[in-house]
Amino acid sequence: MCAHNMTTKYALSGFSNDCVVCTGTTDSIAAFLAARTTDPGKAVTSLGSTLAIKLVSRVRVEDARFGVYSHRLDDQWLVGGASNSGGVVLRQLFSDDQLVTLSRDIDPSSPSPLDYYPLPKKGERFPVSDPDMEPRLEPRPDSDAEYLHGILESMARIEASGYKLLKELGATPVEEVFTAGGGAQNEKWTAIRERVLGVPVWKAEQTEAAYGAALLALRGATTGS
Ligand SMILES: Nc1ncnc2c1ncn2[C@@H]1O[C@H](COP(=O)(O)OP(=O)(O)O)[C@@H](O)[C@H]1O
Ligand SMILES: O=C(CO)[C@H](O)[C@H](O)COP(=O)(O)O
């Protein structure tokens, strides 16, 4: 983080001379910061266009074979990765209104027998790094609600594989997950994920990454570090 007073050059663009500019961060780190959790074992899954996980760990973990990397978070580490699965696949198949109405017919306590690997196109980054992986979204049942249930459950399995992989690579095991992004609105999906992950899963109080970016800017502007 850093903060700089705007120079005359930028003031010419319409900003005042004392406007403070702070450098930002990526969307999933910003979403993590928005959730305001810092204890080891706490994590934030961002269910936006993609599925990104960030776990607070005492141990730094890096493994390019699986698309796993760490960012420093004060004296701890934010470890995780980003899957190409996520909301963009849902948008290819359903409108946001359909996601709401179809989800009403899903019983999250009942595991879906459908096994997919939902990707928008060829290629996965994490928890498997495979540029040639093909999307798997067949067979499609007659019922759209059953189809959505199978897709949400399959994405939950990808998320669970991600957290399991981080543990196997030496990260602090996940104990609790907060959710950010558009998918956080879906309570049925949250319940499915809680069953599949085996740890408590909550919607974060602030689900917008922009809120985390604003917190970061506040810290940069007030401490200058
Ligand atoms: N009710 C819902 N259930 C599950 N996913 C949803 C729902 N409503 C919207 N989404 C998904 O949320 C995504 C948008 O979330 P957002 O955080 O704005 O994504 P991003 O900023 O990464 O593009 C869309 O891809 C959409 O499929
Ligand atoms: O897929 C993404 C954006 O579309 C992810 O948010 C991004 O790859 C995650 O990056 P980082 O881990 O550095 O926050």
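Residues numbered from 1 in each chain as written. Chains lettered and ligands numbered in written order. Predicted model: local features only at pLDDT ≥ 70, side-chain atom pairs only at ≥ 80, totals over all residues. Heavy atoms only, no water.

Per an unreviewed UniProt entry, the chain carries the name D-ribulose kinase and comes from Triticum urartu. The chain has a UniProt comment under Sequence similarities (unreviewed entry) that states "Belongs to the FGGY kinase family." Of the chain, the UniProt comment under Cofactor (unreviewed entry) reads exactly: "a divalent metal cation". (UniProt positions renumbered as here; feature names shortened; annotations may be inferred.)

### Some details on the overall build of the chain
From N to C terminus, the chain includes seven helices and eight strands. For the chain, the C-alpha atoms occupy an extent of roughly 65 × 40 × 35 Å along the three principal directions. Here the chain, with 225 residues, has 47% of them falling under the buried criterion. A separation threshold of at least 6 residues defines the contact pool for the chain, and within that pool the share at least 24 residues apart is 66%. Accessible surface for the chain amounts to roughly 11600 Å². Of this, 52% is attributable to carbon and sulfur atoms. Positive and negative charge centroids in the chain, built from 23 and 29 side chains respectively, lie 5 Å apart. (Helix = DSSP H or I, 4+ residues; strand = E, 2+ residues; numbered from the N terminus. Buried < 20%, exposed > 50% of the residue type's maximum accessible area, 1.4 Å probe, protein only. Contact = heavy atoms within 4.5 Å. Areas by Shrake-Rupley, 256 points an atom, 1.4 Å probe, with all protein chains shown as cover. Lys, Arg positive; Asp, Glu negative; His and termini not counted. Charge placed at Lys NZ, Arg CZ, Asp CG, Glu CD.)

### Topic: the site of ligand 1
Close to ligand 1 lie 13 residues; Ser 49, Gly 87, Gly 181, Gly 182 and Asn 186 are nearest. Between an oxygen atom of ligand 1 and a main-chain N or O atom of Gly 87, the distance comes to 2.9 Å. At 3.0 Å, a backbone N or O of Gly 182 approaches an oxygen atom of ligand 1. Burial of ligand 1 by the protein amounts to 72% of the accessible area it has alone, namely 580 Å². Looking at the shell around ligand 1, the elements that each hand over two or more residues are α3 (87–93) and α4 (96–103). In terms of residue count, α3 provides more of the shell around ligand 1 than any other element does, four residues in total. Grouping the amino acids of the shell around ligand 1 by side-chain chemistry returns four nonpolar, seven polar and two charged. (Near = heavy atom within 4 Å. Polar contact = N/O pair within 3.5 Å; in protein donor to acceptor, adjacent residues only side chain to side chain. Nonpolar A, V, L, I, M, F, W, Y, C, P; charged D, E, K, R; others polar.)

### Observations concerning the sheet that holds strand β4 (residues 51–57)
Taken together, six strands build an open sheet; the order of strands is β5-β6-β4-β3-β7-β8 and the sheet is mixed. Either end of the sheet is taken by a strand with one partner, and the two such strands are β5 (69–73) and β8 (201–203). Between one strand and the next, the sheet's axes are offset by a mean angle of 25°, whatever the strand orientation. Relative to strand β6 (residues 76–83), β4 runs antiparallel, the two being bridged by seven bridges. From the neighbouring strand, Lys 54 faces β6, where its bridge partner is Gly 80. In the packing of helix α6 (residues 187–197) onto the sheet, the strands contacted are β3 (42–47), β7 (176–180) and β8, and the crossing angle to β8 comes to about 155°. (Pairing = 2+ DSSP bridges. Axes fitted to C-alpha atoms, helices over the stretch in contact; angles between N-to-C directions.)

### Things to note about the environment of Asp 39
Here Asp 39 shows up in the loop between α2 (27–34) and β3. Classification of Asp 39 as partly exposed rests on a relative accessible area of 45%. C-alpha of Asp 39 to C-alpha of Ser 154: the two residues are 115 residues apart in sequence and 28 Å apart in space.

### Points about the environment of Val 199
On the secondary structure map, Val 199 appears in the loop between α6 and β8. Spatially, the C-alpha atoms of Val 199 and Val 174 are 7.8 Å apart, while their sequence positions differ by 25 residues. Not counting chain neighbours up to four residues away, the residues in contact with Val 199 comprise Val 174, Glu 175, Glu 176, Val 177 and Glu 194.

### Points about the pattern of salt bridges
One pass over the full model with this rule turns up twelve salt bridges. In this structure, Asp 74 and Arg 219 form a salt bridge, with 3.0 Å as the shortest nitrogen-oxygen distance. Highlighted residues: Asp 74 in the loop between β5 and β6 and Arg 219 in helix α7 (residues 209–223), separated in sequence by 145 residues. We classify Asp 74 as partly exposed; its relative accessible area is 46%. Across the salt bridge formed by Asp 115 and Arg 136, the nearest N and O atoms sit 3.4 Å from each other. Here Asp 115 is found in the loop between α4 and α5 (144–168), whereas its partner Arg 136 is found in the loop between α4 and α5, with 21 residues between them in sequence. According to the relative accessible area criterion, Asp 115 is partly exposed, its value standing at 46%. (Salt bridge = Lys/Arg side-chain N within 4 Å of Asp/Glu carboxyl O.)

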